[in-house]
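Each chain, letter by letter, is given below.
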Amino acid sequence: MHPNAFIQTIYLGDRGCKKIIMDGWNSEVRIQVTTISRVRTNQWDYYSDEDINNGCIVFSNVESIRMEPSGYIPNDSINYLKVDELAEGTYLFTFSAYSANKDNESVEVITSITANGIHLEDPINPDKQIID
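This text gives an overview of the structure that appears in the document. Predicted, not measured: the structure shown is a model, and the values here were computed from it.

## Focus on the environment of isoleucine 73
Step number 1: Here isoleucine 73 shows up in the loop between strand 7 (64–68) and strand 8 (78–87).
Step number 2: As a C-alpha pair, isoleucine 73 and tyrosine 98 span 25 residues in sequence and 8.2 Å in three-dimensional space.

## Focus: the sheet that holds strand 5 (residues 52–53)
Through backbone hydrogen bonds, the strands of a sheet pair up, either in parallel or in antiparallel fashion.
Step number 1: Ordered by their spatial adjacency, three strands build an open sheet running 1-4-5, and the pairing between neighbours is antiparallel. Strand pairing shows two members of the sheet lacking a second neighbour, strand 1 (10–11) and strand 5, which therefore form its edges.
Step number 2: Inspection of the sheet shows strand 1 paired to strand 4 (residues 35–38) by two bridges, in the antiparallel sense. Counterpart to isoleucine 10 in the pairing with strand 4 is arginine 38.

## A look at the state of the cysteines
Step number 1: Taken as a whole and judged by the stated rule, the model has zero disulfides.
Step number 2: As a non-bridged cysteine, cysteine 17 has cysteine 56 as the owner of its nearest cysteine sulfur, 9.9 Å distant.

## Quick word on unusual backbone geometry
Both trends apply: most residues other than glycine have a negative phi, and most peptide bonds are in trans.
Step number 1: Going from glutamate 68 to proline 69, the amide bond is cis rather than trans, its omega being -5°.
Step number 2: Residues other than glycine seldom take positive phi values, yet serine 27 does so here, at roughly 55°.
Step number 3: For serine 27, a relative accessible area of 28% gives the class partly exposed.
Step number 4: Located in the positive-phi region is asparagine 54, a residue other than glycine, with phi close to 60°.

Procedures and definitions
Residues numbered from 1 in each chain as written. Predicted model: local features only at pLDDT ≥ 70, side-chain atom pairs only at ≥ 80, totals over all residues. Heavy atoms only, no water. Helix = DSSP H or I, 4+ residues; strand = E, 2+ residues; numbered from the N terminus. Pairing = 2+ DSSP bridges. Disulfide = S-S within 2.5 Å. Buried < 20%, exposed > 50% of the residue type's maximum accessible area, 1.4 Å probe, protein only.

Set out below in C-alpha cells:
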C-alpha cells in the first residue's frame, strides 16, 4: 500500500508518544504510541477491533531524521502524521507531538523522517509487519 494511503488508515488522535527508537544499524526509526487505531471508513468512528496498544509506527530504510526544536523529547499528545513523496520510493514523514515537562509546560516537536517505507508493529506479534 502506498504510504499516503496507509497513513490514512491510522488514527492517532488523543494518543500519546511513548518512545522514539533510532536504530542506525538497521536504518529504522520506531515511534511507540499508547494506542494505534485503524480507520476503515472515511473517518474514524470509534472503531477499536484492530487497536494496537503500545504499538509502533516503524519507518524503514531511513536516510535522515530531524527533530525541531532541538533539545526536546516527544512524550505527550500526538498532533499528526503526514507524508510527502520526495522522489520515486522516497518519502518525507512528518510527525508532530508535544514534549511536556514536570511543570506541565509543553512544546510542539516536529520530527521529520526521510525513509522508503512505513509499517505498524503490534508488541503481541512483533515479527509481523502490518502493512495494510
